[in-house]
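Secondary and tertiary structure notes
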Amino acid sequence: MTEHLMHSALEAAERGWHVFPIRPRMKRPPALHGADTCPGTGPCVNGHLTWEQRATTDPDRIRAAWTHAPFNVGIATGPSGLVVVDLDKPKPAHDMDSSDAPDGAATFQALCERAGHAVPDTYRVRTANDGQHLYFAAPNGVRMANTARTIGELVDTRAWGGYVVAAGSTTPAGPYEALCEPVAASLPVWLRSILVPAPKPSQAPSMAVTAQSSRYADVALAEEAANVARAVEGEREATLFRAARALGRFVAWGDLPRHVVEQALQEGGERAGLTVAECRSTLRSALNWSIAHNQSRRTAA
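In this report, we go over the structure that sits alongside the text. (Residues numbered from 1 in each chain as written. Predicted model: local features only at pLDDT ≥ 70, side-chain atom pairs only at ≥ 80, totals over all residues. Heavy atoms only, no water.)

**Comments concerning helix 8 (residues 258-272)**
Put simply, the test is: Counting from the N terminus, the helices are DSSP H or I runs at least four residues long and the strands are E runs at least two residues long. Here the expected length of a helix is defined as 1.5 Å per residue gap, with one fewer gap than residues.
A rise of 1.5 Å per residue sets the reference length of helix 8, with its 15 residues, at 21 Å; its end C-alpha atoms lie 21 Å apart and thus fit the reference within 8%. Just downstream of helix 8, Gly273 is the residue with a positive phi angle, here 115°.

See below:
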């Protein structure tokens, strides 16, 4: 199994895709040390590097890492120049039958039809839960971020700040399997226009005020996401709810994009032990409330 996974990691690296180890038979989190346990050696000798920064195409580093354990393979989408569209399946509900609910693939196909295009022909990977990952080459000169439900329900994207599990990896739910040759088509222009809408003209505050507000919002986002990730059982949903309420004002004021807040708090909630569905439900209601009640920026006295 270790040899098979190492081969998958090396194959991805040969295509220019930056890989890193994920814990065996899991899809998260990365099997790399965090900032609190950083030894300050190796790649981190000049300061802690995140999993995204440590992802590599170096075959020697890959062999060294995968020699230790049968790690699953993560692909850091941003450094790899990829935008991956994640077409998910509805999560089973205890009190209703979700078998008739449209999945991400059906939603995406309907979107393509409305846009007057066929579903793009590109590299596809079937995920462990029978969803699909569609790989696209990111446009040059555009730093795209992750999105959640921007395209549609059960349709997310991974770019800078995100990763996907590579074909060849396996989890208790099943394997990740390539469905075609690994050639990533260019991200269609019509799809890019949805993911990166043109900026709206506005009466912006001065550059100094904007920069100061953005720095404050970035710090608040990092602190709230860390608080959510550390929340203990019995306090997790309440902590996530309070964090979303607090950060929603920055979304309303234009200091933070909503999808960035959602992604950071979603990951924090899942690290704390909440399910994907629990995080999404809490985030949606808390952010909607906060955005609606913070349309006007309060100024300091």
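Still to come is the rest of the account.
**Notes on the side chain of Ser80**
We apply this condition: Whenever a nitrogen or oxygen atom comes within 3.5 Å of another N or O atom, the pair is scored as a polar contact, on the condition that within protein one atom can donate a hydrogen and the other can accept it, and that pairs from neighbouring residues in sequence are kept only if both atoms are in side chains. A contact between two residues is defined here by any heavy atoms of the two lying within 4.5 Å.
Note on placement: Ser80 falls in the loop between strand 2 (72-76) and strand 3 (82-87). Side-chain polar atoms of Ser80 contact the backbone nitrogen of His18, separated by 2.7 Å. Contact partners of Ser80, with chain neighbours within four places excluded, come to Gly16, Trp17, His18 and Ile75.

**Points about unusual backbone geometry**
The following threshold applies: Buried residues are those whose accessible area, probed at 1.4 Å on protein chains only, stays under 20% of the maximum for their type, while exposed residues exceed 50% and partly exposed ones sit between those limits.
With a phi close to 60°, Arg25 is a non-glycine residue in the positive phi region. Judged by relative accessible area, Arg25 falls into the partly exposed class, the value being 45%. For Asp130, which is not glycine, the phi dihedral falls at a positive 75°.

**A word on the pairing of strand 6 (residues 147-152)**
This is how the line gets drawn: Strand pairing is assigned whenever DSSP detects at least two bridges linking the two strands.
Burial analysis of strand 6 places 5 of its 6 residues in the buried class, the great majority of the element. Where strand 6 and strand 7 (residues 155-158) come together, 3 bridges link them in antiparallel fashion. In the sheet register, Thr147 faces strand 7, and the bridge partner there is Thr157. If you look at the hairpin formed by strand 6 and strand 7, you'll find 2 residues sitting between the two strands, and Leu154 has a positive phi there, around 65°.

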